[in-house]
Amino acid sequence: MNERKTPWPWLAFLLLALSAWPMLRDWQREARSTQAPPKPSIANSSAFISPNQIEVQLRPGADDSTLEALSREIGAPLQWDSPLHAETEIAVATLPSGVSAAQALDKLRSDGRVETADVVHYYTEPTSAVLPQELVAEEPSDSNSTLKKDASGWRPNDPRYDEQWNFRLIHAEEAWALSRGKGIKVAVIDTGVAYTNCDKGPIARDFKQTRFVPGYDFTSRSAIAYDDNGHGTHVAGTIAESTNNNEGVAGLAFDATIMPVKVLTGSGMGSSTWIAEGIRYAADHGANVINMSLGGPFPDKLMAEACDYAHKKGVVIVCAAGNTGTEGVGYPAAFKPCIAVSAVGPKGNLAFYSSYGPQIALAAPGGDSRVGGQAGTILQNTILRDASGNPVDDYYGFQGTSMASPHVAAVAALIEAVGIRNPDDVKCILQKSAQPKEPTKKYGAGILDAGRAVKLAVNTYEDGVARFWFVMALFGLGGLVMWFNRKTGGPRHYPFWPIAAFAFGLLAPDWLSSTFGLGSHWNLLTHSVLIPAALLVLGADGPKERRFLGYMALGFTLHLGWEFLRDTIPVGLDYGRLALLPWCASNVLIGFGLLISGLAAKPE
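Residues numbered from 1 in each chain as written. Predicted model: local features only at pLDDT ≥ 70, side-chain atom pairs only at ≥ 80, totals over all residues. Heavy atoms only, no water.

**Section: the packing of aromatic side chains**
Operational definition: In this scheme Phe, Tyr and Trp rings, the latter by its six-membered ring, pair at centre separations within 6.5 Å, and the angle between planes marks the pair as stacked below 30 degrees, edge-to-face above 60, and tilted otherwise. Helix and strand assignments follow DSSP, with helices taken as H or I runs no shorter than four residues and strands as E runs no shorter than two, numbered in order from the N terminus. Each residue's exposure class comes from its accessible area (1.4 Å probe, protein chains only) as a fraction of the maximum for that residue type: buried when under 20%, exposed when over 50%, partly exposed otherwise. In this scheme, Lys NZ or Arg CZ marks a charge over a ring once it lies within 6 Å of the ring centre and within 35 degrees of the ring normal.
Enumeration according to the criterion identifies 20 aromatic pairs in this entry. Their ring planes at 85 degrees and their centres at 5.8 Å tell us that Trp-154 and Trp-176 sit as a pair that is edge-to-face. Remark: Trp-176 occurs in helix H7 (residues 172-176) and Trp-154 occurs in the loop between strand S4 (114-124) and helix H6 (165-169); sequence separation between them is 22 residues. Residue classification places Trp-176 among the buried positions, given a relative accessible area of 1%. Ring geometry for Phe-496 versus Trp-497: centroids 5.0 Å apart, planes at 80 degrees, classification edge-to-face. According to the relative accessible area criterion, Trp-497 is exposed, its value standing at 57%. Of the aromatic side chains, those joined through ring pairs into one cluster are Trp-154, Tyr-161, Phe-167, Trp-176 and Phe-254. A cation over an aromatic ring shows up here: Arg-280 above the ring of Tyr-309, its NZ or CZ 4.6 Å from the ring centre. In this arrangement the basic side chain of Arg-370 is found over the ring face of Phe-352, its NZ or CZ atom lying 3.8 Å from the centre.

See the structure below:
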């Protein structure tokens, strides 16, 4: 006589499906961030494109003979772009009249020795939104008075720190109580940094305690990447200006190390070739984070390949969205591996100059002089040149998405310093912890929140470690119980399978989220009791199997409850706790149902 099976497993699946419904509408948001920006309509496009110059990214192992062979094919001499060509593998050529760029590119792109090729593009640091070169007022304006000081955290003693409204807006002091970026290298790919005393100029006065590693100047092929513009030093200051030194202002990740990489000239312009080389150089020399406060309206294949290369090597790439004041995110910010950052002013509203679009990941303080005057800009130390060309080392207020981007790069360094190193996971934490603000095309996931970001990173990393050692302790406790039973004449068997099943349920979500990433929607399925429930439905319904699945379900249930209480559930960027509550409640109900069913199963 066949035993009639109860329909409750199927009812459990229906309950899970219904509880997930509040979250399903949010799954479409991620797709919008991958849309390509509309093709720009630029009147002076010749300022951004050099159609008679081509650049070639060669595959590893290329040498001088490779260049000679390719030069013969295209009818123009290819030359290495820098002495570091053994690392960057990038060459350039100027096409003579009569040689078609389109035909040359077709030949190169179809050649197996070539990774990609393109015409040379030009990019700039956005100068249109930089204030005139004059000192910021000593006293901040009234627009800053609405920003409350952090109730808890660590506060530096830098005398002009109170003028840094931007750090209060993102709760920097709360972040500093947990992380200061120690051990993380941030490459500033820009106009260089005034980081040393040399024949090009002095070290900026509030950088004497900042850590630096060697960089490179791709504009003049020099090992000294010194700033002859002022922009790169200002950007580096937001990231890691010397802090708590009774001088000037603070940096956000002041224990991090800066790698200066110069790809823009003193006029603030640089080629796609230099930028691609700079990205690859930073990735190959141990940079954990790259900041690029530069951009242009056109994509470039070598830059795109370089960004993919760095991302695959585990580098977080943060970029300024652009200063057009219109919809349309510039490049490289719009490339998929990059974190595009828009800018807000002292009141947390989009700055008048900020570009925006569906590629924006989040917003950060960039300054807005229309809201707070000079005190509404971003104050950092840099060296500018006076009318006579003499260096003036002081504290200046700049505004732009160039200033917003290094805030995000610095917080990425704070996150990495506590143990989260995967670039997609860092981006997920930045977005999940952001202060929500609509619309998403202007603010992305919201406004950067350093305090919440670092706390979420600490909880995510430390909770995973705690779960692992909890399981190890449980296995040790099982051995201790077996030893005690032997001494007292009790049962001598080791409870391996119950502990193993429970351990799998408790640790498997961590393993799977490390595979899919903290922002993957697949984690909705792997952080649930669907796995033991599916095994039960598929036929694992004997008494032993039901007990095994019951312990496994307990592990999954406790893991999900743990993460819900700590607000670390890695199931996408847009799920609020209210949307997650039905899902977690149904998993707890079904998980304990599986456990009770397994424990109640009679031995065969």
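From this point, the narrative continues.
**Points about the packing of helix H12 (residues 401-417) against helix H15 (residues 450-488)**
Test applied: Whenever a helix is involved, its axis is fitted only over the stretch in contact; in every case the axis is a line through C-alpha atoms, and angles between N-to-C directions fall within 0 to 180 degrees. Any angle that is under 35 degrees is reported as roughly parallel, and any over 145 degrees as roughly antiparallel; angles of 65 to 115 degrees are reported as roughly perpendicular and all others as oblique. Crossings are classed by handedness, with left-handed meaning an anticlockwise turn of the near helix from the far one by less than a right angle and right-handed meaning a clockwise turn. Residues count as neighbours in contact if any of their non-hydrogen atoms are within 4.5 Å of one another. The residue classification treats Ala, Val, Leu, Ile, Met, Phe, Trp, Tyr, Cys and Pro as nonpolar and Asp, Glu, Lys and Arg as charged. All others, Gly included, are polar.
Where H12 contacts H15, the two axes come as close as 9 Å, and the packing angle between them is 25 degrees. With respect to each other, H12 and H15 are oriented roughly parallel. For the element pair H12 and H15, the recorded crossing hand is right-handed. Residues Val-411, Leu-414 and Ile-415 of H12 form the contact with H15, whose own contacting residues are Ala-450, Ala-453, Val-454 and Ala-457. Split by residue class, the contact of H12 with H15 holds seven nonpolar, no polar and no charged.

**Observations regarding the side chain of Asp-300**
The test is simple: The convention is simple: Lys and Arg are positive, Asp and Glu are negative, and His and the chain ends are not counted. Here, a salt bridge means any Lys or Arg side-chain nitrogen found within 4 Å of an Asp or Glu carboxyl oxygen. Any pair of N or O atoms that falls within 3.5 Å is considered a polar contact. Within protein, one atom must be able to donate a hydrogen and the other to accept it, and sequence-neighbouring residues count only if both atoms are side-chain atoms.
Examined against the element boundaries, Asp-300 turns out to sit in the loop between strand S10 (289-292) and helix H10 (301-312). One buried charged residue, Asp-300, forms no salt bridge at all, with the nearest opposite charge on Arg-109 at 8.0 Å. A distance of 3.0 Å separates the side chain of Asp-300 from the backbone nitrogen of Met-303, its partner in a polar contact. Contacts of Asp-300, omitting those with residues within four sequence positions, involve Glu-55, Asp-118, Val-119, His-121, Tyr-123, Ser-272 and Phe-335.

**Observations concerning the pairing of S10**
The test is simple: DSSP calls a pair of strands paired once it identifies at least 2 bridges connecting them. The definition of a right-handed crossover adopted here requires that, viewed with the strands pointing away, the path from the first strand over the helix to the second runs clockwise.
Burial along S10 is two-sided: the residues Val-289 and Asn-291 and Ile-290 and Met-292 are all buried. Where strand S5 (residues 185-190) and S10 come together, three bridges link them in parallel fashion. Within S10, the position partnered with Ala-187 by the bridge is Ile-290. Bridge count between S10 and strand S11 (residues 316-320): four bridges; the pairing is parallel. Along S11, the bridge assignment pairs Met-292 with Cys-319. Note on the crossover from S10 through H10 to S11: the handedness is right-handed.

**Digging into the sheet that holds strand S9 (residues 269-271)**
Here five strands make up an open sheet; going across it, the order is S2-S3-S1-S4-S9 and the pairing antiparallel. Edge positions in the open sheet fall to strand S2 (79-80) and S9, since each of these has one partner strand only. Relative to strand S3 (residues 90-94), S2 runs antiparallel, the two sharing two bridges. Within the sheet, the bridge partner assigned to Gln-79 lies in S3 and is Val-92. Sitting on the sheet, H10 is in contact with strand S1 (49-58), S3 and S4, with an inclination near 105 degrees to S4.

**Overview of the environment of Ser-179**
Inspection of the secondary structure puts Ser-179 in the loop between H7 and S5. Take Ser-179: its relative accessible area is 6%, and that puts it in the buried class. Along the backbone, Ser-179 and Val-458 are 279 residues apart, and their C-alpha atoms lie at a distance of 9.0 Å. Excluding anything up to four places from it in sequence, Ser-179 contacts Leu-414, Ala-417, Val-418 and Val-454. A distance of 3.5 Å separates a polar side-chain atom of Ser-179 from the backbone nitrogen of Gly-181. Of note is the side chain of Ser-179, whose polar atom sits 2.8 Å from the backbone oxygen of Leu-414.

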